[in-house]
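Residues per chain, in single letters:
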Amino acid sequence: MRSVNKKLKTKNYAIAIIGPTGVGKTAVAFEIARSIGGEVVNLDKIYTFKNFPISSGLSETIKEKRVKRHLYEFLEPNQEIISPIDYAKMIHAACLQISSKKKSFIIEGGSTAYFPSFYENNKKNHFCKIIVGLKFSTAFDIRKKMIRRIEAALKEGILEEVKEGMTKYKDSLIMNDAHFVVPLVKYLKEEISLDRAKDEIVDRCLEYVEKQMTLFDQYKEIIWIEHDPKLLTKTVEKILALV
């Protein structure tokens, strides 16, 4: 695990990392935080909810003990989603709190619901210095990566997580909207096969990637970097060099 670079720690970084689902935003953000002694702020709608770490893709992140994180898993699954304007204010407040300790912050996420309000708030208050977009390389097979993520989630116990959610939180946003959850609910209800559920998960994720990129393309200030998960350190170095 990377240790804090004392030279980098003396600087105050204010970075946002956005991009499509599955590109590796969270891994990059936490690696930067480890490198510079910073803290991470969530810009993902699903990450705000508790009790679904596998379905949301947070299961590895919540094991991280060295990096302080903000606005992750603080809502009960049956609570209402926070409005984009209010959430943008919460992000701003978290960043100000981190900055008051003379520490760096890294905002990360790809929510199409929350990004526009965050962007407008930042345009008004100028608390985040740079917005970096991570994108898949042109040769990258996104579908294969999604399939690997599904298989890993199944091994980790996502079916048990979803089954519990069907009992406790059947009317929640996650149970009715999350890309990994909705097809698995149909499978557990014996409406479709597991193979069909896997296909639907992939299709939903790919459709959302297209929706995200269509939105992000409207914001010309975003600095785009191709990210290869196998070259995590290289991506981190590129981002820090931009600041």
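**Details of the pattern of salt bridges**
Tallying each qualifying case throughout the model produces 11 salt bridges. Across the pair Lys186 and Glu200 runs a salt bridge, and its minimum N-O distance is 2.9 Å. Here the residue Lys186 occupies a position in helix 9 (residues 181-188), and Glu200 occupies one in helix 10 (residues 194-216), the gap between them amounting to 14 residues. Classification of Glu200 by relative accessible area gives buried; the value is 14%. Within the structure, one salt-bridge network assembled from shared partners comprises Glu31, Arg34 and Glu64.

**Section: the nonpolar core**
Ranked by internal contacts, the top residues of the largest apolar core, which has 50 residues, are Ile91, Ile107, Phe115 and Phe118. By residue number, the principal contributor to this core is helix 10, which donates seven residues. Judged by nonpolar contacts, the second largest core, of 24 residues, contains Val40, Val67, Tyr72 and Ile130.

Conventions used here
- Residues numbered from 1 in each chain as written.
- Predicted model: local features only at pLDDT ≥ 70, side-chain atom pairs only at ≥ 80, totals over all residues.
- Heavy atoms only, no water.
- Salt bridge = Lys/Arg side-chain N within 4 Å of Asp/Glu carboxyl O.
- Helix = DSSP H or I, 4+ residues; strand = E, 2+ residues; numbered from the N terminus.
- Buried < 20%, exposed > 50% of the residue type's maximum accessible area, 1.4 Å probe, protein only.
- Core = buried A, V, L, I, M, F, W, Y, C linked by side-chain atoms within 4.5 Å.

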